[in-house]
Amino acid sequence: MSDVVTKGAMKTIRYLLIILVSVWTLAPVAWMVSLSFKGPTEWYSANIIPIQPTVDNYISLFVPTNPIGGSYFFTSITEPITKPLINSLIAAGLGTIFAVLIGFLAAYGVSRYRAGGTFVIFFTLLTRMLPGATFVAPLMVFYASIGFVDTYAGLIMLYAAVTLTYAIWLMKGFIDEIPPEWEEAALLEGASPWTVLRKITIPLTKGGLVASALFIFILNWSEFLFALVISVTQVTTLPVQISKYVSAVGRMYGTMASLGLVATIPSLVLGYLIQRHLVTGFTFGRVR
Amino acid sequence: MPKLVVKNLRKLFGTFEAVKDVGFQVEEKETLCLLGPSGCGKTTTLRIIAGLEVPTSGEILVDGVLVNDVPPQKRQIGLVFQDYAIFPHLSVFENIAYGLRVRKMPEAQLRTKVHDTASLIGVDNILDVPGKKLGLSEMQRVAIGRSIALDPKLLLLDEPLSNIDAKAREKMRAELGKLQKEIGIATVYVTHDQLEAMTLADRIAVMRDGLIEQIGTTSQIYDSPRTLFVANFIGSPSMNLIDCELVQNEERAILKSRDFALDITELAERVRGESKARELILGIRPEDVSVDVRKTDPEAMQSEVQLVEPIGARSIYHLKIGRLTVLAKVYAMPELEVGSKVWISFNKEKLHLFDKKTQEAIL
Amino acid sequence: MKRAPRLTQWIRKTETFKKLSTLPLNFVLNFVLIVPFAIMIFLSFTTWEPLSGYDWWHAPVAGVPRFIEAFGDARLLWAFIRTTVFVAVVLPLEFLLGLGMALLFLGDFRGKRAFTSVLMYPMMMPWVVVGLGFYLMFQYYGPVNLLLLKPMFGEGGMVDWFTNAVLAFGAVMIADIWQWTPLMFLIIYAGLAAVPRRLIEAAQVLGASSARIVATVHLPLIKPLLVVALIIRGLEAFKVFDIVYIMTRGGPGVNSTEVISLYVYNLSIVYHNTSYACAVSLLIMVATALVTRLAIRPLEVKVE
């Protein structure tokens, strides 16, 4: 029966293609993992599995050494990445918290009370449409004038502002899912809008809020352009540090790879958490 | 040869046995109705015939050919879904033409066929309307047209009238009946509405819990229900069912119930099986209960009117005998009102007796 | 009719809340966006630069010399062309690959959830790391050369990706495609999975093969979704910066792979050509606003 044969063949082809796609997707990360465990002698060779695996690359991120001997290739490798790492955490963390707090409040106001009106929506849309680079020139001028260059405050405000639009957009979606009648009932009983928020809205949208917060954190963690512009020495974030590595003349592939992976791990972990929380978030909304 | 043969069909969904052992035949030009409450397996059976589900065991033969392994695309069976499943992005014309285009029918021929089908089902004035803008009865027509345009060997309909509101349903029922006579394809029709089944089908198969309780013509099902379930399911209002017991000696046979006794000596020989003092259920349809203000029948029993339901030319009277309520469906007697005393008698020819463990004794 | 005092109080409370809820938002937006925006407009009509010697708020308004300069700027034009080429190549490929992947994943198979999870990750990685990863892949002694080209074309097949403008640009495009195809996949797959099963079954009973069903039922029904996905991704692709910066810095040479965002960045930060940068930025904003307006139009209609 030719039908059975073609069915079997189709299935195999399908699996082959799926595996191909998976290999394509994993390739860059796999290569970085491979490089990060290789010593300098293997950086230019094609083997995927290191012959002499080593964790020196990771160590040298925090305790700078010169694996090739002789003078340092460039100054940025003399710094451990602890500071950029911490800076990234602070900037992304606080930026996210602000974005979520302000954004949630605004989203709630827009959703329930039509606060802000078209102005808010318009601005929300606009900030997403415009290339970030167009803001850089006046931003620098402004920040230089008020002394915000290379400061945490400057960076955090920027991060909060940039991701605010995502925050509002995402959380408004979750807020809209909750039927307003419940809140109206509480309001009519005499509760203040703040209490309503606290006791009713937030518990119900918790899953969605957490998912949004994680998503925004990933965005802030990955943010590059503004950090590059604002930071000089004090608030360099991890992505900026990576760019400094790359612009070197030397080819310290192993260290670069390990740095890249270290920078990616939070994103991957959070991404996984988001997938889990989104399921919870949606079921929360369904159980009325 | 029968158009469709279903043999020993069984279908398991995990551990749930939706269809236990179903078998029937449908002849050319015949309409068979699968009637039963929801969950009895009738829709599953239909889907298996269409090829959308694979049976756990059993055989489906169309025109004598085993089609178990044939995919739905190739079975040449038409299926009209309960929610019609009209392609919303296609016009009525394109919906009907869909299957014809699959067959690569030449354009001129296709146009004729679509137009002919459209006039047959009464949609030739809305051929350009996109699917998503159609009303429910229009959708149903297009769904039917879409299937019959391919001149299928068999037509399957899954509760086609259940989505339509009561008023339109009567009209559609009549149209459907007319259409079936005109087209003349062997049809299997699934419904839970016994009125639909009675009006549209040549034969009815009453299903319950994955099994066919009885299969027969409409009059057979109505007049000679073989099980209590069938008797109760068919008929509106449902058959009166009264617990009783048969007391028999050489001379007489009497049905004794809590509230009355009925002499059935002349029918005694037709009672099947053991008869000594079994627990029985007496069945009599409301249409077979006669009501009179005077005692014209010597065996009539006295009762009191509890409720009157006027339903047009006839009325349904709820009559109380002792503690029992019997329904009678007779021509309206306006002189009767709640509290009136009347005499009721049962048409003994239309009496049914059931063993309490669901099986029939006599007609 | 006299209103109940409790009601008035309630109205007052909600009114205050309404105003308060967007207050922090307004504050932040004003600070970070509107003030710089105003500065940008102002400066674009001046000829100020950090090296001009005086504070920027003392800069004399000089009219439109910067704007005229912008229209004659060849480098700007080339940046724009390059960006357009980038989007024109990347968008269709991401779309087609995403569509292919969605079709591939339609229906059940073993390990589907695991595979889908794997496919999602490129979207979550920081853009600079993606750039870094592909930078490492395309090195002369990297896997693309050593594991792909050398086995196929021998030693001579190996290519120096980053010393050739076209190849470097190609590498950047591949990086972007790698990262964002999963997004298209996600959107398209969601659309395909939402097609009601009944319609598919109806088409099957009418004789249609799986391929035919996809073409005649699935695709037409997800068309509006596809348009949205293309618009969203297209607008984002235009803003590309991170991967270009990491992988090529605009090189080889000075600006052979310079996209618009990078050019503006260079103007602002590297060349300190502030007033000109502001003028160019303003022009880009106006153009973007117009294009966005046009792009939104089909979306607004679709919402019906």
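Residues numbered from 1 in each chain as written. Chains lettered and ligands numbered in written order. Predicted model: local features only at pLDDT ≥ 70, side-chain atom pairs only at ≥ 80, totals over all residues.

1. Notes on the overall build of chain C
Line of reasoning, step 1. Per the secondary structure count, chain C includes 13 helices and zero strands.
Line of reasoning, step 2. Going residue by residue from the N terminus, the α and β elements of chain C occur as α-α-α-α-α-α-α-α-α-α-α-α-α.
Line of reasoning, step 3. Relative to the compact-globule value of 19 Å for 304 residues, chain C shows a C-alpha radius of gyration of 26 Å, a clear excess of over 25%.
Line of reasoning, step 4. Principal-axis analysis of the C-alpha atoms gives chain C an extent of 85 × 75 × 30 Å.
Line of reasoning, step 5. Counting the 304 residues in chain C, one finds 41% classified as buried. (Helix = DSSP H or I, 4+ residues; strand = E, 2+ residues; numbered from the N terminus. Rg over C-alpha atoms; globule rule 2.2 N^0.38 Å. Buried ≥ 20, exposed ≤ 12 C-beta atoms within 10 Å, placed from the backbone.)

2. With respect to the overall build of chain A
Line of reasoning, step 1. When helices and strands are tallied, chain A shows eleven helices and zero strands.
Line of reasoning, step 2. Counting from the amino terminus, chain A carries its helices and strands in the arrangement α-α-α-α-α-α-α-α-α-α-α.
Line of reasoning, step 3. The proportion of buried residues among the 288 residues of chain A is 45%.
Line of reasoning, step 4. Sequence-distant contacts, at least 24 apart, represent 75% of the contacts inside chain A between residues at least 6 apart. (Contact = placed C-beta atoms within 7 Å.)

3. Some words on the nonpolar core
Line of reasoning, step 1. Ranked by size, the top nonpolar core spans 149 residues in total, and within it Ala160(A), Ala161(A) and Leu136(C) carry the most contacts.
Line of reasoning, step 2. At 15 residues, helix α6 (residues 152-177) of chain A tops the list of elements feeding residues into this core.
Line of reasoning, step 3. When residues of this core are assigned to domains, at least three map to each of domain 1 (2-56) and domain 2 (82-286) of chain A.
Line of reasoning, step 4. Sequence-distant contacts of Ala161(A), that is, excluding residues within four places in its chain, are made with Val28(C), Leu29(C), Val32(C) and Leu33(C).
Line of reasoning, step 5. Judged by nonpolar contacts, the second largest core, of 100 residues, contains Val62(B), Phe81(B), Val188(B) and Leu353(B). (Core = buried A, V, L, I, M, F, W, Y, C linked by C-beta atoms within 7 Å. Domains from an automatic or database assignment.)

4. A closer look at the domain arrangement of chain A
Line of reasoning, step 1. If you check the domain split of chain A, you get domain 1 (2-56) and domain 2 (82-286).
Line of reasoning, step 2. Residues of the side of domain 1 of chain A that touches domain 2 of chain A, tallied by class, amount to five nonpolar, one polar and one charged. (Nonpolar A, V, L, I, M, F, W, Y, C, P; charged D, E, K, R; others polar.)

5. A short note on helix α8 (residues 165-193) of chain C
The periodicity of an α-helix, 3.6 residues per turn, causes residues three or four places apart in sequence to face the same way.
Line of reasoning, step 1. The terminal C-alpha atoms of α8(C) lie 41 Å apart, and with 29 residues this matches the ideal 42 Å at 1.5 Å per residue to within 8%.
Line of reasoning, step 2. Taking the largest bend as the criterion, α8(C) deviates by roughly 35 degrees, centred on Trp180(C), and proline Pro182(C) comes between one and four positions later. (Expected span 1.5 Å × (residues − 1). Bend = angle between axes of the 7 residues up to and from the residue.)

6. Points about the interface of chain B and chain C
Line of reasoning, step 1. Facing 17 residues of chain B, the contacting portion of chain C comprises 14 residues.
Line of reasoning, step 2. Among the elements of the structure, β6 (77-80) and α2 (92-102) of chain B are those that each provide at least two residues to the side of chain B that touches chain C.
Line of reasoning, step 3. Top element by residues in the side of chain B that touches chain C is α2(B). It accounts for three residues.

7. What to know about the sheet that holds strand β18 (residues 324-331) of chain B
Residues and elements named next belong to chain B.
Line of reasoning, step 1. With respect to topology, five strands assemble into an open sheet ordered β15-β19-β16-β17-β18, the strand pairing being antiparallel. Two strands lie at the open edges of the sheet, namely β15 (289-292) and β18, each paired on one side alone. Neighbour-to-neighbour, the strand axes of this sheet turn through a mean angle of 45 degrees, independent of strand direction.
Line of reasoning, step 2. In terms of strand pairing, strand β16 (residues 301-310) meets strand β19 (residues 341-346) through four bridges, oriented antiparallel. Residue pairing for β19: Gln-302 is matched across the bridge by Trp-343. (Pairing = 2+ DSSP bridges. Axes fitted to C-alpha atoms, helices over the stretch in contact; angles between N-to-C directions.)

8. Considerations on the environment of Arg146(B)
Line of reasoning, step 1. Within the fold, Arg146(B) resides in helix α4 (residues 136-148).
Line of reasoning, step 2. The class for Arg146(B) is buried, based on 31 C-beta atoms found within 10 Å.
Line of reasoning, step 3. Placed 68 residues apart in sequence, Arg146(B) and Gly78(B) show a C-alpha to C-alpha distance of 8.4 Å.
Line of reasoning, step 4. Excluding residues within four positions of it along the chain, Arg146(B) makes contact with Asn95(B), Ile96(B), Tyr98(B), Gly99(B) and Leu206(C).

9. Considering the interface of chain A and chain C
Line of reasoning, step 1. Each side of the interface is counted separately: chain A has 67 residues, and chain C has 66 residues.
Line of reasoning, step 2. The greatest single-element share of the side of chain A that touches chain C, amounting to twelve residues, is contributed by helix α1 (residues 2-36) of chain A.

10. Section: the confidence of the model for chain A
Residues and elements named next belong to chain A.
Line of reasoning, step 1. Summarising the model, chain A shows a mean pLDDT of 79, and 83% of its residues fall at 70 or more.
Line of reasoning, step 2. Within chain A, helix α9 (residues 225-230) carries the highest mean pLDDT (90), whereas helix α4 (residues 117-129) carries the lowest (69).
Line of reasoning, step 3. Throughout residues 69-76 the model reports pLDDT below 50, and contacts reaching past four residues in sequence, or to other chains, amount to twelve contacts.
Line of reasoning, step 4. Across residues 281-288, confidence stays below pLDDT 50; counting only partners more than four residues off in sequence or on other chains, it has seven contacts. (pLDDT = per-residue confidence, 0-100.)

11. Looking at the arrangement of the chains
Line of reasoning, step 1. With two pairs of chains in contact overall, the greatest share of contacts is found between chains A and C.
Line of reasoning, step 2. Here chain A and chain B are not in contact; the least distance found between their C-alpha atoms is 10 Å.

12. Structural notes on the pairing of strand β17 (residues 314-321) of chain B
All names here are of chain B.
Line of reasoning, step 1. Alignment of β16 against β17, held across six bridges, turns out to be antiparallel. From the neighbouring strand, Leu-307 faces β17, where its bridge partner is His-318.
Line of reasoning, step 2. Following β16, the chain reverses through three residues before pairing antiparallel with β17; Gly-312 in that reversal takes a positive phi of roughly 110 degrees.
Line of reasoning, step 3. Of the pairings in the sheet, the one linking β17 to β18 comprises eight bridges and is antiparallel in character. For Tyr-317, the partnering residue across the bridge sits in β18 and is Ala-328.
Line of reasoning, step 4. The loop that links β17 with its antiparallel partner β18 comprises two residues; one of these, Gly-322, has a positive phi angle of about 60 degrees.

13. Points about the pairing of strand β4 (residues 57-62) of chain B
Residues and elements named next belong to chain B.
Line of reasoning, step 1. As paired elements, strand β1 (residues 4-13) and β4 share five bridges and run antiparallel to each other. Bridge pairing in β4 places Val-6 opposite Ile-60.
Line of reasoning, step 2. As paired elements, β4 and strand β5 (residues 65-66) share two bridges and run antiparallel to each other. Directly across from Leu-61, in β5, lies its bridge partner Leu-66.

14. Some points on unusual backbone geometry
Most peptide bonds adopt trans geometry, and most residues besides glycine take a negative phi value.
Residue and element names in this part refer to chain B.
Line of reasoning, step 1. Between Ser-236 and the following residue, Pro-237, the backbone shows a cis peptide bond with an omega angle of 0 degrees.
Line of reasoning, step 2. With a phi close to 55 degrees, Gln-76 is a non-glycine residue in the positive phi region.
Line of reasoning, step 3. A positive phi is found at Lys-104, a non-glycine position, where the angle reads about 60 degrees.
Line of reasoning, step 4. In this fold, Lys-104 is placed in the loop between α2 and α3 (107-121).

15. Concerning the packing of helix α10 (residues 238-246) of chain A against helix α6 (residues 127-137) of chain C
Line of reasoning, step 1. It is the contact of α10(A) with α6(C), at a shortest axis distance of 10 Å, that shows an interaxial angle of 25 degrees. Taken as axis vectors, α10(A) and α6(C) run roughly parallel relative to one another. Here the hand of the crossing between α10(A) and α6(C) comes out left-handed. Within the contact between the two elements, α10(A) uses Pro239(A), Ile242(A), Ser243(A) and Val246(A) and α6(C) uses Val128(C), Val129(C), Leu132(C) and Tyr135(C).
Line of reasoning, step 2. Residues belonging to the contact of α10(A) with α6(C) are distributed by class as follows: seven nonpolar, one polar and no charged. (Parallel < 35°, antiparallel > 145°, perpendicular 65-115°, else oblique. Left-handed = near helix turned anticlockwise from the far one by under 90°.)

16. Comments concerning the environment of Thr292(C)
Line of reasoning, step 1. Inspection of the secondary structure puts Thr292(C) in helix α13 (residues 274-302).
Line of reasoning, step 2. For Thr292(C), a count of 17 C-beta atoms within 10 Å corresponds to the partly exposed category.

17. With respect to the packing of α2(B) against α4(B)
All names here are of chain B.
Line of reasoning, step 1. At a minimum axis distance of 7 Å, the contact between α2 and α4 shows a crossing angle of 30 degrees. Viewed along their axes, α2 and α4 adopt a mutual orientation that is roughly parallel. α4 is crossed by α2, and the crossing has right-handed handedness. Across the interface between the two elements, Val-92, Asn-95, Ile-96, Tyr-98 and Gly-99 of α2 pack against Val-142, Gly-145 and Arg-146 of α4.
Line of reasoning, step 2. Each residue belonging to the contact of α2 with α4 can be placed in one class, and the counts come to four nonpolar, three polar and one charged.

18. Some thoughts on the environment of Met247(C)
Line of reasoning, step 1. Counting through the fold element by element, Met247(C) comes out in helix α11 (residues 242-247).
Line of reasoning, step 2. Apart from the residues within four sequence positions on either side, Met247(C) is in contact with Gly131(C), Phe134(C), Tyr135(C), Ala171(C), Val172(C) and Ala175(C).

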